[in-house]
Amino acid sequence: MARQTDFSRGSVKKNIMAVALPMIAAQLLNLLYNIVDRIYIGMMPGDGQIALGGLGLCFPIIMLITAFTNLFGGGSPLCAIARGKGDDQEAERIMGNAFAMLLLVGIVLMTIGLTFQKPILYLFGASDEMYRYAGSYIRIYLCGTVPVMIALGMNPYINSQGFAKIGMLTVLLGAGVNIVLDPILIFVCKMGVRGAATATVISQTLSAAWVLHFLIGKQAVLKLRRSSMRLDAGRVKSIMALGVSSFMMSFTNSLVQVACNTMLQQYGGDLYISIMTILNSVREMAQTPVGGLTNGASPVLSYNYGEGSYQKVKEGIRFSAITCISYTLVIWGLIFLFPEFFIRIFNRDAELMKAAVPALHIYFFGFFMMALQFSGQTAFTSLGKAKFAIFFSLLRKVVIVVPLTFLLPRIGNLGVNGVFLAEPISNFIGGTACFVTMLCTVMPELNGKERGKTR
């Protein structure tokens, strides 16, 4: 039997960790979906470096699919809030509507992507040589759009019910299959990047099947029923209103990556696109535990907010923020002291190493400030304050990073260093603004509700 965490009992810190630890493990495993592809591709004899850059050109498209997945999967806190109010029927309707939208949007995205992938990749900075690898990868990946979106988009609805270990097993299944299939398809079958994409699609399809099997089975508290999939405009709007914050984070990440690849191609060429692929990979590795902790805190905060346990909500916000900041300070120190170790995970070319080390130092400067953005965004999203979450997603990426990415390379001959410098500047400005605003709005509101409850 799957073990469920009761958010209404016990210490809020223990409840957060009970959900977060399996989610961190799940997200680390989920990271392997992408990271293991890059490791194997980067180590391909002869053309590993250019193939790695080609895979990096696919990131904006993959992030765009993730953005739409988050748009509907990001509505899972509504389920937790409804459960906190004791309305399981409404929670099932929310989940059913989210599934229907994931299915419909997945078909649309797959069709558009397969039709226009070539001009899109060239628009994103592909050279003729890099397109050979990028096109081969993305055509296969796009064929698996629907199972990818179902696996990633419906898993949060399992976590929102308190079944964090089931959510972890969703990712474990797919990641394990991906790790086994990658070397077989890439090297033994000599499929190269096509093998990496095929392994990813197969593994995500198995994860999607696992998710659906659980949600229609006996153990789920909230079941995926055909009747709950009947679309309701108001309900879909509510899901999207909350999920749009996560959507904007992924969408703007895609936008930033397009800007970075375009400027790096102009000022540094294919080598620096490969370096940016490595930097993005290291960043994903470094921030995954932060994402796991904050995602684990989200259903706990949502449930207690719906239940009216405002003191627990405040304790949860403080705990997750302090833990995230402490972790990111440690990981920043490790990256600063041992940059070569992180780069060699993906490629060991001497020319690439020489250029990548200073780029890594610039890109990760003040990395701990990123934790402020995650903590603030989680508090806003968990409490249903979508407008704040959307604003700060747009502020950091669209208002700060993208303009700086185009501007800084032209100032003082910064060139490619200007592209890498845009990220830490955005972390300092955007992270501080998000966290301080959360402290000045959410905390006073919780204090007021708590006082009103005790009268």
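Residues numbered from 1 in each chain as written. Predicted model: local features only at pLDDT ≥ 70, side-chain atom pairs only at ≥ 80, totals over all residues. Heavy atoms only, no water.

Right, let's talk about the overall build of the chain for a bit. Across its full length, the chain carries 16 helices and zero strands. On C-alpha atoms alone, the chain measures out to a radius of gyration of 21 Å, which is about the 23 Å that the 2.2 N^0.38 rule sets for 455 residues. Within the chain, contacts between residues at least 6 apart in sequence are counted, and of these 83% link residues at least 24 apart. Carbon together with sulfur atoms contributes 66% to the accessible area of the chain, which is approximately 17800 Å² in total. Averaging the coordinates of the 37 positive side-chain charges in the chain and doing the same for the 21 negative ones gives two points 7 Å apart. (Helix = DSSP H or I, 4+ residues; strand = E, 2+ residues; numbered from the N terminus. Rg over C-alpha atoms; globule rule 2.2 N^0.38 Å. Contact = heavy atoms within 4.5 Å. Areas by Shrake-Rupley, 256 points an atom, 1.4 Å probe, with all protein chains shown as cover. Lys, Arg positive; Asp, Glu negative; His and termini not counted. Charge placed at Lys NZ, Arg CZ, Asp CG, Glu CD.)

Let's shift gears to the nonpolar core. Counting 140 residues, the largest nonpolar core has Y137, M154, I275, I317, F420 and L446 as the members making the most contacts within it. With 15 residues, the top contributor of residues to this core is helix α10 (residues 270-307). The contacts of L446, once residues within four sequence positions are left out, are Y305, Y310, V313, K314, I317 and L383. (Core = buried A, V, L, I, M, F, W, Y, C linked by side-chain atoms within 4.5 Å. Buried < 20%, exposed > 50% of the residue type's maximum accessible area, 1.4 Å probe, protein only.)

The next point concerns the side chain of T381. With respect to the helices and strands, T381 occurs in helix α14 (residues 369-382). Dropping the residues within four chain positions of it, T381 is found in contact with P77, L242, S245 and A389.

Considering all chains together, one arrives at eight salt bridges under this definition. Note that K385 is salt-bridged to E445, the shortest N-O span being 2.5 Å. In this pair, K385 is assigned in the loop between α14 and α15 (386-407) and E445 in helix α16 (residues 416-454), connecting sequence segments 60 residues apart. By relative accessible area, which is 18% here, K385 ends up buried. Taking the shortest distance from any N to any O, the salt bridge between E423 and K397 comes out at 4.0 Å. Of this pair, E423 sits in helix α16 while K397 sits in helix α15; the two residues are 26 residues apart in sequence, bridging distant segments of the chain. The two residues E423 and K397 agree in class, both being buried. Salt bridges sharing common partners tie together E90, R93 and R235. (Salt bridge = Lys/Arg side-chain N within 4 Å of Asp/Glu carboxyl O.)

A separate point is empty space enclosed by the protein. Per the counting criterion, the structure on display carries two cavities of 30 Å³ or more. Residue lining of the second largest cavity: 15 residues in total, with V256, C260, R283, Y363 and E423 positioned closest to the centre. Taken together, the elements giving at least two residues each to the lining of the second largest cavity come down to α9 (233-267), α10, α15 and α16. Counted by class, the lining of the second largest cavity contains eight nonpolar, four polar and three charged residues. (1 Å grid on protein atoms, 1.4 Å probe; cavity = no way out; pocket = protein on both sides within 12 Å on 5 of 7 lines; lining within 4 Å. Points joined across faces, edges and corners; volume = space filled by probe spheres on them. Nonpolar A, V, L, I, M, F, W, Y, C, P; charged D, E, K, R; others polar.)

To continue, consider unusual backbone geometry. One non-glycine residue, K190, lies in the positive phi region at around 55°. Structurally, K190 is set in the loop between α7 (164-188) and α8 (193-215). One non-glycine residue, N413, lies in the positive phi region at around 55°. Positionally, N413 belongs in the loop between α15 and α16.

Between helix α2 (residues 48-73) and helix α6 (residues 145-159), the least distance of the axes is 9 Å, while the angle of their chain directions is 35°. Crossing hand, α2 versus α6: right-handed. On α6, the residues that touch I65, F68, T69, F72 and G73 of α2 are T145, M149, L152, G153, P156 and Y157. For the contact of α2 with α6, the per-class residue count stands at seven nonpolar, four polar and no charged. (Axes fitted to C-alpha atoms, helices over the stretch in contact; angles between N-to-C directions. Left-handed = near helix turned anticlockwise from the far one by under 90°.)

Take the environment of K14 next. Looking at the element boundaries, K14 is found in helix α1 (residues 12-42). It is 9.7 Å that separates the C-alpha atoms of K14 and G316, two residues lying 302 residues apart in sequence.

A few words on a nonpolar patch on the surface. A cluster of nonpolar residues, V330, L334, F336, L337, F338 and F341, forms a patch on the protein surface that exposes about 640 Å² of accessible area. With four residues, the top contributor of residues to the nonpolar patch is helix α11 (residues 310-337). Locating F338 in the fold gives a position in the loop between α11 and α12 (339-344). (Patch = residues over 30% accessible without salt bridge, like charges linked within 9 Å, V, L, I, M, F, W, Y side chains within 5 Å.)

Before going further, it helps to examine the environment of T381. Residue T381 is classed as buried on the basis of its relative accessible area, which comes to 12%. Separated by 202 residues in sequence, T381 and I179 place their C-alpha atoms 33 Å apart.

This part is about α15. Helix length check: α15 (22 residues) gives 30 Å between terminal C-alpha atoms against 32 Å at 1.5 Å per residue, within 8%. Of all the bends in α15, the greatest, near 35°, is centred on L395. (Expected span 1.5 Å × (residues − 1). Bend = angle between axes of the 7 residues up to and from the residue.)

Scanning the model with the defined rule gives zero disulfides in all. Distance from the sulfur of C260, which forms no disulfide, to the nearest cysteine sulfur (C58) is 16 Å. Its sulfur unpaired, C324 is 12 Å from the next cysteine sulfur, which belongs to C434. Residue classification places C324 among the buried residues on the basis of a relative accessible area of 1%. (Disulfide = S-S within 2.5 Å.)

The next point concerns the layout of surface pockets. In this structure, the largest pocket spans a volume of roughly 270 Å³. P60, I61, L64, I120 and F124 are, among the 15 residues lining the largest pocket, the residues nearest its centre. At the level of elements, α2, α4 (88-123) and α9 are the ones that each hand at least two residues to the lining of the largest pocket. Of the residues assigned to the lining of the largest pocket, the class counts are 12 nonpolar, three polar and no charged.

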